[in-house]
Amino acid sequence: MSWTEDEDREQSLKKADGSPEQNKEKTESSDTDPNKEIWSLLEKTLNDNLIEKRRARRWKIFFRFTTLAIFIAVMASWVVKSNLQDVTLEEDIVAMIPMRGVIGTDNEIESSEFVSLLDAAYSNSRLKGVIIEMNSPGGSPVHSGIIYDAIRLKEKNYPNIPILVVVEDMAASGGYYIASAANEIYADKASLVGSIGVISSGFDASNLLEKIGVERRTFTAGRNKAFLDPFSPMTEEAKTKWQAVLDETHQQFINAVKDGRGDRLVITDDVFSGMVFTGSQAIKIGLIDGLASVTDVLNTRFPDAEPVIFEPKQDTWKELAKEFGVELATRVISTTNIQ
């Protein structure tokens, strides 16, 4: 049984107006019963309210169906895109691995994730090369060393597949530690490269506590257990031993750079001092191999290969929710005019 708003209005008007005889009866009855007009007005108000509710329900159903249609369209496009990506993997590919951010556990560059990405890239028989897009100020020497070793192992086992690093804003400290493992390094003339050093910073607030009359109570088992406590003075023994730890870590970094860069490296007083260099300066001392962007490297080194991005993936439903949100926002914006 169909229903329209016009029919509802006609029925309401008929009930409100009625036939001439009915109107006459209403007039006569109104003379005897003054509450009839109030009841008639109330009836008309209720009918109008019913029409509004039905109209709101129809719009709610419309928006639900529209949302469902958009959701289905996003899912379909997501599936199609996934299938297209699988198809492109049948061609010769160059793996693009972005490394952007701080290195370490729970940071943007975590060794376990990026070693897995390397393994995934090399599992494709049509892989022709790997490009690491580097933009990192450094971080954990442990995670940097793990990724460095993974890159060197791939180069040893697959000597015909080059690994190149292209530096964006910077490859400093741990970022350059990783980059030095690659076959070749490229950067922009203004990129910051190097910072081959190790740092451990803190502060000594022991005198401050004394001045404000606060006594710190720290209980340890082992005389050096709290040697980095900023509210206790550091002993000479602790300073000597901690400096030895930093020196050894620094030497590991130096050895990694020497092994990675080989004869291309020009050793000066500044190279291993922790100083950073611009891309133009870095060429002169062999820290990088040339000035180029990712597009330049792709066009010159891998002109016939299809770039495929390998990056840590979010949960499937998170990815889908993100794409759905972007698609919905795009559709809303495209149908909205600002005047």
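Please read these numbers as outputs of a predicted model, since none were measured by experiment.

Inspection of the secondary structure assignment puts E184 in strand β4 (residues 184–187). Using a relative accessible area of 18% as the deciding quantity, one classes E184 as buried. A distance of 2.7 Å separates a polar atom in the side chain of E184 from a polar atom in the side chain of R301. Leave out the neighbours within four places in its chain, and E184 touches I163, L164, V165, R264, D289 and R301.

A few words now on the side chain of S136. Tracing the backbone shows S136 in strand β2 (residues 127–136). A polar side-chain atom of S136 sits 2.7 Å from the main-chain carbonyl oxygen of G101. Every residue in contact with S136, bar those within four places of it in the chain, is listed here: G101, I103, I109, M170, A171, A172 and G175.

Turning to helix α10 (residues 294–301), a few remarks are in order. Within the sequence span of α10, burial applies to V294, V297 and L298. The buried residues of α10 occupy one face: seen down the axis, they fall within an arc of 100 degrees. Along α10, the residues that are exposed and aim more than 90 degrees away from the buried face are N299 and T300. Buried residues in α10 make contact with β1 (93–100), β2, β3 (163–172), β4 and β8 (306–309).

Turning next to the packing of helix α5 (residues 141–157) against helix α8 (residues 236–261). In contact at an axis separation of 12 Å, α5 and α8 are set at 25 degrees when each is read in the N-to-C sense. Between α5 and α8, the angle is such that the two are roughly parallel. In this structure, α5 meets α8 at a crossing whose hand is left-handed. Listed contacts from α8 to P141, Y148 and R152 of α5 are T249, A256, D259 and G260.

Let's shift gears to the packing of aromatic side chains. Under the definition given, this model contains five aromatic pairs. Arranged with centres 4.8 Å apart and planes meeting at 40 degrees, the rings of Y122 and Y158 form a pair that is tilted. Of this pair, Y122 sits in helix α4 (residues 111–122) while Y158 sits in the loop between α5 and β3; the two residues are 36 residues apart in sequence, bridging distant segments of the chain. Judged by relative accessible area, which is 7%, Y122 ranks as buried. Owing to a relative accessible area of 33%, Y158 belongs among the partly exposed residues under this scheme. The structure contains a cluster of three or more aromatic residues connected by ring pairs, namely Y148, Y177 and F253.

Next up on the list: a nonpolar patch on the surface. Taken together, the side chains of I61, F65, L68 and I72 define a hydrophobic patch exposed on the protein surface, amounting to about 410 Å² of accessible area. Relative to the helices and strands, F65 is located in helix α3 (residues 35–88). Take F65: its relative accessible area is 58%, and that puts it in the exposed class.

Counting buried positions along β1 yields seven of eight residues, so the element is predominantly enclosed. In the sheet, β1 pairs with β2 via eight bridges, with the strands oriented parallel. Note that in β2 the partner of V94 across the bridge is G129. What joins β1 to β2 is α4, and the crossover it makes is right-handed.

Okay, the confidence of the model for the protein chain next. Regions with low pLDDT should not have their predicted coordinates read in detail. With 77% of its residues at a pLDDT of 70 or more, the protein chain has an overall mean of 82. By mean pLDDT, the top-scoring element of the protein chain is β4 (98), and the lowest-scoring one is helix α11 (residues 316–334) (49). Here residues 83–88 scores under 50 on pLDDT; set against residues more than four positions off or in separate chains, the count is two contacts. Confidence drops under a pLDDT of 50 for residues 328–339, and excluding neighbours within four residues, the segment shows three contacts in the predicted structure.

Procedures and definitions
Residues numbered from 1 in each chain as written. Predicted model: local features only at pLDDT ≥ 70, side-chain atom pairs only at ≥ 80, totals over all residues. Heavy atoms only, no water. Helix = DSSP H or I, 4+ residues; strand = E, 2+ residues; numbered from the N terminus. Buried < 20%, exposed > 50% of the residue type's maximum accessible area, 1.4 Å probe, protein only. Polar contact = N/O pair within 3.5 Å; in protein donor to acceptor, adjacent residues only side chain to side chain. Contact = heavy atoms within 4.5 Å. Arc of directions from axis to C-beta. Axes fitted to C-alpha atoms, helices over the stretch in contact; angles between N-to-C directions. Parallel < 35°, antiparallel > 145°, perpendicular 65-115°, else oblique. Left-handed = near helix turned anticlockwise from the far one by under 90°. Phe/Tyr/Trp six-rings, centres within 6.5 Å; stacked < 30°, edge-to-face > 60°. Patch = residues over 30% accessible without salt bridge, like charges linked within 9 Å, V, L, I, M, F, W, Y side chains within 5 Å. Areas by Shrake-Rupley, 256 points an atom, 1.4 Å probe, with all protein chains shown as cover. Salt bridge = Lys/Arg side-chain N within 4 Å of Asp/Glu carboxyl O. Pairing = 2+ DSSP bridges. Right-handed = clockwise from strand over helix to strand, strands pointing away. pLDDT = per-residue confidence, 0-100.

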